[in-house]
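Overview (structure and organization)
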Amino acid sequence: MRAHHCSREARRRWSNAEDGALVTAWLNTSKDGVIANEQRASAFWKRVCNYYHGCTAVKDLPPREWNSCKQRWTKINKEVQKFCGCFDQARRQATSGQSDDDVYQMAYKFYNQDMKTNFILEHAWRALRNDQKWCSLYRDKGKTQTKRSQPAGSVDGGAMEEQVEERPIGVKAVKAAKFKATKTVKRTTEDRRLL
């Protein structure tokens, strides 16, 4: 009986503060273009976990293991992506004069109808929805660009427009730019010789 009690403690619920710290940790760790592409999944999640434990919101809470952080992120990511689909659908159906909150309420109803449960990760959705790193992942995942997955903008051009955070340039893009610049310089030098 004692062992069963311990396993329950090991699987304690995630609070909103912990979710927020995890989302922040994932976003900040995944934006590191120098390291992000060149590490194993376990190394990445250990870095996320270290960042998570450095967040003031969770400093007084029991620590989480990296695999627990990974499992929770997988759930958050999946559910928030589903809600984003509902939000996009609600935004397309929104009429002029409806506020962002009206669109959210409509999206919440769509989610509830589709999933047969309430959407309980609004705090995570609000933290993720305008971040370019996350938006590009969820929008590009397994589908081609369509009107549905293009950056947000409303028909009336005003209230629903969102600001997307600029994503830092990655290592591969930096290397490609350097290579392209070197190639252009060589061509220019060769072209001058021909003239």
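Residues numbered from 1 in each chain as written. Predicted model: local features only at pLDDT ≥ 70, side-chain atom pairs only at ≥ 80, totals over all residues. Heavy atoms only, no water.

If you look the chain up in an unreviewed UniProt entry, it shows as Myb-like domain-containing protein from Microthlaspi erraticum.

The next subject is the nonpolar core. Core analysis: the largest hydrophobic core is formed by 35 residues, its most contacted members being Leu 22, Ile 76 and Val 80. Here the element with the most residues in this core is helix H5 (residues 66-93); it accounts for nine residues. Sequence-distant contacts of Ile 76, that is, excluding residues within four places in its chain, are made with Asp 19, Leu 22, Val 23, Leu 121, Ala 124 and Leu 128. (Core = buried A, V, L, I, M, F, W, Y, C linked by side-chain atoms within 4.5 Å. Buried < 20%, exposed > 50% of the residue type's maximum accessible area, 1.4 Å probe, protein only. Helix = DSSP H or I, 4+ residues; strand = E, 2+ residues; numbered from the N terminus. Contact = heavy atoms within 4.5 Å.)

Turning to helix H6 (residues 100-115), a few remarks are in order. If you check H6, its first and last C-alpha atoms are 22 Å apart, about what 16 residues at 1.5 Å a residue would give, namely 22 Å. All of the buried residues in H6 are Val 103, Tyr 104, Met 106, Ala 107, Phe 110 and Tyr 111. The arc enclosing the buried residues of H6, seen along the axis, measures out at 165 degrees, which places them on a common side. On the buried face of H6, the contacting elements are H5 and helix H7 (122-128). Phi turns positive one or two residues past the end of H6, at Lys 116, with a value near 60 degrees. (Expected span 1.5 Å × (residues − 1). Arc of directions from axis to C-beta.)

What follows deals with the packing of H5 against H6. With their axes 8 Å apart at the nearest point, H5 and H6 run at an angle of 125 degrees to one another. In terms of orientation, H5 lies oblique with respect to H6. Relative to H6, H5 is oriented so that their crossing is right-handed. Taking contact as the criterion, the partners of Glu 79, Lys 82, Phe 83, Cys 86, Phe 87, Gln 89, Ala 90, Arg 91 and Gln 93 in H5 are, on H6, Asp 100, Val 103, Tyr 104, Met 106, Ala 107, Tyr 108, Phe 110, Tyr 111, Asp 114 and Met 115. Looking at the contact of H5 with H6 residue by residue, the class counts come to 12 nonpolar, two polar and five charged. (Axes fitted to C-alpha atoms, helices over the stretch in contact; angles between N-to-C directions. Parallel < 35°, antiparallel > 145°, perpendicular 65-115°, else oblique. Left-handed = near helix turned anticlockwise from the far one by under 90°. Nonpolar A, V, L, I, M, F, W, Y, C, P; charged D, E, K, R; others polar.)

All right, on to the side chain of Arg 72 then. Turning to its location among the elements, Arg 72 is positioned in helix H5. Classification of Arg 72 as buried rests on a relative accessible area of 14%. Polar side-chain contacts of Arg 72 include one of 2.8 Å to the side chain of Asp 19. Residues contacting Arg 72, with those up to four places away along its chain left out, are Trp 14, Asp 19, Leu 22 and Leu 121. (Polar contact = N/O pair within 3.5 Å; in protein donor to acceptor, adjacent residues only side chain to side chain.)

This paragraph deals with the confidence of the model for the chain. Residues of the chain with pLDDT of at least 70 account for 61%, and the chain-wide mean is 74. Under a pLDDT of 50 for its full length, residues 1-9 has, in the predicted model, zero contacts with residues more than four places off or in other chains. Under a pLDDT of 50 for its full length, residues 142-165 has, in the predicted model, 39 contacts with residues more than four places off or in other chains. (pLDDT = per-residue confidence, 0-100.)

The next thing to look at is the pattern of salt bridges. For the structure on display, the rule yields seven salt bridges. With its nearest N and O atoms 2.8 Å apart, the salt bridge here joins Glu 18 to Arg 12. Judged by relative accessible area, Glu 18 falls into the buried class, the value being 2%. With a shortest N-O distance of 3.1 Å, Glu 18 and Arg 64 are connected by a salt bridge. Of this pair, Glu 18 sits in helix H2 (residues 16-30) while Arg 64 is found in the loop between helix H4 (41-53) and H5, placing the two residues 46 residues apart along the sequence. Comparing Glu 18 with Arg 64 shows no difference in burial state: the two are buried. Within this structure, Arg 12, Glu 18 and Arg 64 form a network of salt bridges that share partners. (Salt bridge = Lys/Arg side-chain N within 4 Å of Asp/Glu carboxyl O.)

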